[in-house]
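# An overview of the molecular structure
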Amino acid sequence: MRKNGEFKGSQAAGAFGQPPELQQGEQAFNPFLNESRFGSSYEYVKTLVLLPVLLLRVILFVTSLLFGYCTTKIALLGAKNVLTKPFPSWRRALLLPVRLSARMNLFSCGFQWIHVTGKPAPRQEAPILVSNHVTFADPLFIFFRHLPVIVVAHENLSAPVAGDIMKAMQVIAVKRDAPDSRRNASGAIKRKSMCNDWSHVMIFPEASTTNGKALVSFKAGAFAPGLAVQPIVMRYPHVHMDPSWVADGPALYWLLFRLMTQFHNFMSVEYLPVIHPTVMEQKNPHAFAERVRVTMAQALNVPVTQYSYEDAALAMEAVNLNFHSKAAILEFRKFEKVYQLSLKSAKIWLHKFLAMDPRKRGVVTYQEFINALNLPDCALIQQVFSYFDLRDQGFINFSQYAAGIAFVAKHEKHKEAIQATFRFFHRDGDELLDKAQAQSSFHEIIPSITNQQIYLLIDKFNANKAGVIGMADFAQFFEVNPEYLLIFLIAKPDLLSSSKKSFAEDFLNVDRKMTER
């Protein structure tokens, strides 16, 4: 950002240097957005005409679901260790009515016929199936055709009716936010895929639904065993009704209503040739996953992207806050590779960014930025903003904000910079900082800052009643708010080197005092 020719953006490098500008796509599409809208006169008339059909379809859907639930209960009578021990063939035969009920569910949702091409490979040839994931119809079809072992989110097992049916599939349940659960799931995938007593292992490697316009990053779990996989690609050609069940789209009840008020919904399933991993790919499951992803993308004629499940979670977070999902997606895989960014940190930063955007446009202007930080308009703060606005546009999006924050927060000298800033605030060498010292230091860095703005900032440091700030509270503030640390890194490019010199002097002083004693 430039203002009155005062500086150029490159001058905002500061003590850490300039952050790398991640090459972001133009975001011509959003894979987590369902753009279907109900509003045309044609849709209104069609819905009215199909209301009697809707009633019949609802009855069929509920009846087949309850039938499937009841037959599942019968099939599981006396079964022990359902999730860890393979069913004998006779018990699997008892689940045939449940599989048929899944096909009736699809029929009631308007999928009267499903076009299938390609040939499913026997389990001995390809023990693992992988597919793109668009909507709830995907697992219903897979369940009907294969009765596979499927990987699901752990919380789905507690869902009424559907939870029991999932148990009959002998699913591998995973808590996506728990590393131990993910490791256990990875081990279960390997064990079950290597043993022919189990059915196919079925995995949606995107770990999230998309609108089918791209393939997002694959998780490596399906490819870690180093066994052959058969890709399946699902397509849902449509004109009026997009059936995708995504973060920024209709709720499930509305999606079902729309599907049931169409004359017919198109679905095609293609089984691709089995893909065997190379020796190198057996050691590097990410490389194997990428080759399979590219093969599936070519079959679907869609691009591959660096979006991921984490982007879907961020998109859902934005939608819940009444923002457009596009405001939150990052191409998370790029950030993860460069900054080792976690979803937890990304969500915290997203909430902070969206709080700066009162007009809900998905971008933050310079004025909105300084208002949110409660800082005056001056050359230094303009440089801080330029640290994010590398393209000198006068506004930043969440991707730019997250890149700047991540560069500071994940920098190898981050803690050292916080300590150096604390030493800048107080020069007497003790471990406590009073408000007078803080006020003096803020005025030195930002002469135009008002006392009221300083007092509000000091309050954020969690000062005690005596107005004294401890090192722990000081450090915690800058850990949570790296943008404020950036002010000192830019204002004092020699902050880290001068701090080391100051620390050495303090150490000599302490040593001298100890000697005198």
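The name recorded for the chain in an unreviewed UniProt entry is Phospholipid/glycerol acyltransferase domain-containing protein, from Sphagnum jensenii. Its UniProt record gives the chain a comment under Subcellular location (unreviewed entry), which states: "Membrane". Under the UniProt heading Pathway (unreviewed entry), the entry covering the chain gives this text: "Lipid metabolism; phospholipid metabolism."

### Regarding the packing of helix H2 (residues 51-75) against helix H4 (residues 96-108)
Contact geometry for H2 and H4: axes closest at 8 Å, N-to-C directions at 165°. By the angle class used here, H2 and H4 are roughly antiparallel. Read as a crossing pair, H2 and H4 show a hand that is left-handed. Of the residues in H4, those in contact with Arg57, Leu60, Phe61, Ser64, Leu65, Phe67, Gly68, Thr71 and Thr72 of H2 are Pro97, Val98, Ser101, Met104, Asn105, Phe107 and Ser108. Residue composition of the contact of H2 with H4, grouped by class: eight nonpolar, seven polar and one charged.

### Notes on the UniProt feature "transmembrane region" (unreviewed entry) in the chain
Taking the UniProt record as the reference, the feature "transmembrane region" (unreviewed entry) is found at residues 47-69. As annotated, residues 47-69 comprises 96% helix and 0% strand, and the C-alpha atoms at either end are separated by 30 Å.

### Remarks on the pairing of strand E6 (residues 229-235)
The buried fraction of E6 is high, at six of seven residues. In this structure, strand E2 (residues 128-131) lies alongside E6, joined through four bridges in parallel fashion. Note on E6: the bridge partner recorded for Ile128 is Val229. Here four bridges tie E6 to strand E7 (residues 268-271), and the two strands are oriented antiparallel to one another. Its bridge partner being in E7, Met234 is matched across the sheet by Val269.

### Description of the sheet that holds E2
Overall, mixed pairing links the seven strands, which are arranged E1-E7-E6-E2-E5-E3-E4 in an open sheet. This sheet does not close on itself; its edge strands, each paired only once, are strand E1 (115-117) and strand E4 (172-174). Neighbour to neighbour, the strand axes of the sheet diverge by 20° on average, direction disregarded. One ladder, built from three bridges, connects E2 with strand E5 (residues 201-203); its direction is parallel. Counted as the bridge partner of Val130 is Ile203 from E5. Against the sheet, helix H10 (residues 285-300) contacts E2 and E6, and its axis sits at roughly 35° relative to E6.

### A short note on H10
Compared with an ideal rise of 1.5 Å per residue, which puts 16 residues at 22 Å, H10 spans 22 Å between its outermost C-alpha atoms and is within 8% of the ideal. If you check which residues of H10 are buried, you get Pro285, Phe288, Ala289, Val292, Arg293, Met296, Ala297 and Leu300.

### Looking at the pattern of salt bridges
Taken as a whole, this structure holds 16 salt bridges when the rule is applied. Where Glu281 meets Arg291, a salt bridge forms, and the shortest distance between an N and an O atom there is 2.7 Å. Here Glu281 is found in helix H9 (residues 279-283), whereas its partner Arg291 is found in helix H10, with ten residues between them in sequence. Arg291 gets classed as partly exposed once you look at its relative accessible area, which sits at 33%. A salt bridge links Glu336 to Arg333, with the shortest nitrogen-to-oxygen separation between them at 2.1 Å. With a gap of three residues between them, Glu336 and Arg333 both fall in helix H12 (residues 332-339), about one helical turn apart.

### Observations regarding the environment of Leu54
Looking at the element boundaries, Leu54 is found in helix H2. Residues Leu54 and Leu259 lie 205 residues apart in sequence; the distance between their C-alpha atoms is 9.3 Å. Not counting the four nearest positions on each side in its chain, Leu54 is found in contact with Phe257, Met260 and Thr261.

### Here's the deal with the environment of Ala228
Inspection of the secondary structure assignment puts Ala228 in the loop between E5 and E6. On a C-alpha basis, the gap between Ala228 and Thr278 in space is 9.8 Å, while along the polypeptide they are 50 residues apart. Excluding anything up to four places from it in sequence, Ala228 contacts Glu125, Ala126, Pro127, Ile128, Val274, Ile275, His276 and Pro277.

### With respect to H2
Taking 1.5 Å of rise per residue, 25 residues should cover 36 Å, and H2 covers 36 Å from first to last C-alpha, within 8% of that figure. Every buried residue of H2 is accounted for by Leu54, Arg57, Phe61, Ser64, Gly68, Thr71, Thr72 and Ala75. Where H2 is buried, its residues touch helix H3 (89-94), H4, helix H6 (162-168) and helix H8 (252-260).

Rules and cut-offs
Residues numbered from 1 in each chain as written. Predicted model: local features only at pLDDT ≥ 70, side-chain atom pairs only at ≥ 80, totals over all residues. Heavy atoms only, no water. UniProt positions renumbered as here; feature names shortened; annotations may be inferred. Axes fitted to C-alpha atoms, helices over the stretch in contact; angles between N-to-C directions. Helix = DSSP H or I, 4+ residues; strand = E, 2+ residues; numbered from the N terminus. Parallel < 35°, antiparallel > 145°, perpendicular 65-115°, else oblique. Left-handed = near helix turned anticlockwise from the far one by under 90°. Contact = heavy atoms within 4.5 Å. Nonpolar A, V, L, I, M, F, W, Y, C, P; charged D, E, K, R; others polar. Buried < 20%, exposed > 50% of the residue type's maximum accessible area, 1.4 Å probe, protein only. Pairing = 2+ DSSP bridges. Expected span 1.5 Å × (residues − 1). Salt bridge = Lys/Arg side-chain N within 4 Å of Asp/Glu carboxyl O.

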